[in-house]
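An overview of the molecular structure
The chain contents come next:
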Amino acid sequence: MVRELKVAKKLKLKKYRDEFKLFVAEGLRLCEPAAESEIEFGFYTADFLKDERAKNLIDKVKSVAQVYEIPTATFEKISDTKTPQGVMLILRQKFSTLEEVLAQKLIVVLDAVHDAGNLGTILRTAEAFSCGVIILEDSADIFNPKVVR
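Residues numbered from 1 in each chain as written. Predicted model: local features only at pLDDT ≥ 70, side-chain atom pairs only at ≥ 80, totals over all residues. Heavy atoms only, no water.

On to the sheet that holds strand β3 (residues 66–69). In space, the four strands of this open sheet follow the order β1-β4-β2-β3, with mixed pairing throughout. One side of each edge strand has no neighbouring strand; the edge strands of this open sheet are β1 (22–26) and β3. On average, each strand axis in the sheet is inclined to that of its neighbour by 20°, with strand direction left out of account. Strand direction decides the pairing type here: strand β2 (residues 39–44) and β3, joined by four bridges, are parallel. Paired with G42 across the bridge in β3 is V67. (Pairing = 2+ DSSP bridges. Helix = DSSP H or I, 4+ residues; strand = E, 2+ residues; numbered from the N terminus. Axes fitted to C-alpha atoms, helices over the stretch in contact; angles between N-to-C directions.)

Next comes the structure, spelled out in structure tokens:
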């Protein structure tokens, strides 16, 4: 578990997200729709398990990946949020192929979108309208925690 904690903490930086090909999803709303095939490992706190929805998520994750219960103080050290909910999944990065993107009726091409919050908003909007998205290199990291949130 020590290795996993170190990896999770390093994933705050882009260079480690790129190196490990992993990223962080934090909070119940972001972790619930995570594809089981993409979960590498996860963490949760005892306080997180206070409701049925949270217990169901942890049970689902336990069936496909290692998930560790850690103290709240430890969780806060690896968390990127100011008020963490107590659940974090480490997920494998997945990219669509060019063929998959071009198969969409609408395609959005993004160039030099530097603000992670703006990039996240554009990606959510594109997904809502089933648009393919091509992001050019001079844009924010799509696995930045602000984009993921």
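Let's pick the thread back up.
With that settled, the discussion passes to unusual backbone geometry. Located in the positive-phi region is A112, a residue other than glycine, with phi close to 60°. One can find A112 in the loop between β5 (107–110) and α7 (116–128).

Let us look at helix α4 (residues 52–62). Looking only at α4, the buried set comprises A54, L57, I58 and V61. Looking down the long axis of α4, one finds its buried residues gathered within 95° of arc, a one-sided arrangement. In the core, the buried residues of α4 are packed alongside α3 (28–31), β2, β3 and β4 (87–92). The backbone nitrogen of R53 has a side-chain oxygen 3.0 Å away, supplied by the residue at the start of α4, namely D51. (Buried < 20%, exposed > 50% of the residue type's maximum accessible area, 1.4 Å probe, protein only. Arc of directions from axis to C-beta. Contact = heavy atoms within 4.5 Å. Polar contact = N/O pair within 3.5 Å; in protein donor to acceptor, adjacent residues only side chain to side chain.)

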